[in-house]
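What follows is each chain in one-letter form.
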Amino acid sequence: MSSNSPRPIIIVTGANAYEKSIYALMFPQLTVCSGVGFGICHRLIFQLSIGSREQVSNELELNCDGLTLILACRNKQRAEAARAKLHDIADEQVRRAKRSPGYDGHAEIFRKNLHIAIHIIDLADVQSIFHFADEIAQNYPYVSHLICNAGVACFTRIVWPLAFHQLLTDWIAAVTAPRYFLQRVGDVSQDGLGWVWQCNVFGHYILFRALEPMLTKHTAARVVWISSHEASSEFYDPKDWQLVKSEHSYECSKYQMNMISLHLDREALHGQLNGTTAVRHLTVYPGIVSTSIATAILGTFRTLCMIAAFYIVSSVK
């Protein structure tokens, strides 16, 4: 982004999943986080602090001299910890950049203009979403990117016969899109809606609609929907669209997210042809990652085995 372009203002939901754990002690040289959202924030700071005169697409330049990063989270204490760690990451990037041959001072300028804000939101509470959107409208001139990352799952335990069967018949799918996690059925939010559906799908849709006026104030705004390799229509029942009765609510919610993202992007492209400002929608798969969703039922040893399997699968794929 050139100096004449507005600096990006990026919202990331579920960005506070940073925690010190046994993995941080085992791998002190790595930034260990338990969520994709924190990883996204880390990558944004890393990539934009490097800077680049070369465009990676017709719409995105990396030569950006600042960033406002909004952590949209439920838990303020965890969000504060995540923000502190992100500041540490940014400071480390400056130190590394200054040691690089031909350093041009970009990293220091970017760090000076880096603002990380925390705003509380609960996607399982529609009023909280509207309150969040009001706060954004009152405090910022526009939003350039909304990254819909926050997600939940009702995993309760592993069905071991299914796990062994999938490992023996299709071990790559067993690692990347497991079918052996038993999920709780019947959970509803305080709004009386399907809990997984509201957190993963409906809450983000309401958030986008509430922020749409702020997004249209930017000339190239984007909404990024973080999906999953586990997204599937195989178990989806249109009559149970809130996924209250579904035994595969997580997979179905990600399938619904994919369909919504596709539909909204088609609408945006149609509007663009008619001369209106288009807010494009992108569906993104985070790849093969380890998060706290599965760790809770796997335990430490099995989680380490899972991470090792992820490295093996990544090299195979």
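Use the structure listed above.
Quick notes on the rules
- Residues numbered from 1 in each chain as written.
- Predicted model: local features only at pLDDT ≥ 70, side-chain atom pairs only at ≥ 80, totals over all residues.
- Heavy atoms only, no water.
- Pairing = 2+ DSSP bridges.
- Helix = DSSP H or I, 4+ residues; strand = E, 2+ residues; numbered from the N terminus.
- Axes fitted to C-alpha atoms, helices over the stretch in contact; angles between N-to-C directions.
- Contact = heavy atoms within 4.5 Å.
- Parallel < 35°, antiparallel > 145°, perpendicular 65-115°, else oblique.
- Left-handed = near helix turned anticlockwise from the far one by under 90°.
- Patch = residues over 30% accessible without salt bridge, like charges linked within 9 Å, V, L, I, M, F, W, Y side chains within 5 Å.
- Areas by Shrake-Rupley, 256 points an atom, 1.4 Å probe, with all protein chains shown as cover.
- Salt bridge = Lys/Arg side-chain N within 4 Å of Asp/Glu carboxyl O.

Asks: Give a description of the sheet that holds strand E7 (residues 222–226) that names residues and reports values.
Replies: Spatial ordering of the open sheet is given by E3-E2-E1-E4-E7-E8, a layout of six strands whose pairing is parallel. Here the strands that pair on one side only, and so sit at the sheet edges, are strand E3 (114–120) and strand E8 (280–284). In this sheet, adjacent strand axes meet at a mean angle of 15 degrees when their direction is disregarded. Looking at chain direction, strand E1 (residues 9–13) and strand E2 (residues 67–73) are connected through five bridges and run parallel. Residue pairing across strands places threonine 13 opposite alanine 72, the latter belonging to E2. Across the face of the sheet, helix H2 (residues 36–50) comes into contact with E1, E2, E3, strand E4 (145–148) and E7 while running at roughly 175 degrees to E2.

Asks: Explain the packing of helix H8 (residues 195–215) against helix H9 (residues 249–273) to me, using residue names and the numbers behind them.
Replies: Axis separation between H8 and H9 bottoms out at 8 Å; the angle between their running directions is 20 degrees. The angle between the axes of H8 and H9 places the two elements in the roughly parallel class. As H8 runs across H9, the sense of the crossing is right-handed. Seen from H8, the contacting residues are Val196, Trp197, Asn200, Val201, His204, Tyr205, Phe208 and Arg209; seen from H9, they are Ser249, Tyr250, Ser253, Gln256, Met257, Ile260, Leu264 and Glu267.

Asks: Provide a residue-level description of the packing of helix H5 (residues 126–139) against H8, including the pertinent values.
Replies: Remark: H5 packs on H8, axes separated minimally by 10 Å, with the N-to-C direction vectors making an angle of 30 degrees. As the angle between them shows, H5 and H8 are arranged roughly parallel. The element H5 and its partner H8 pack so that their crossing is right-handed. Here Val126, Ile129, Phe130, Phe132, Ala133, Ile136 and Ala137 of H5 lie close against H8, whose contacting residues are Gln198, Phe202, Gly203, Ile206, Leu207, Ala210, Leu211 and Met214.

Asks: With reference to specific residues and values, describe a nonpolar patch on the surface.
Replies: On the surface, Trp160, Phe164, Leu167, Leu168, Trp171 and Ile312 cluster together to form a nonpolar patch covering roughly 650 Å² of accessible area. In terms of residue count, helix H6 (residues 160–169) provides more of the nonpolar patch than any other element does, four residues in total. Looking at the element boundaries, tryptophan 160 is found in helix H6.

Asks: Residue-level account of unusual backbone geometry, with values.
Replies: Despite not being glycine, leucine 243 shows a phi value in the positive range, around 65 degrees. Note that leucine 243 resides in the loop between E7 and H9.

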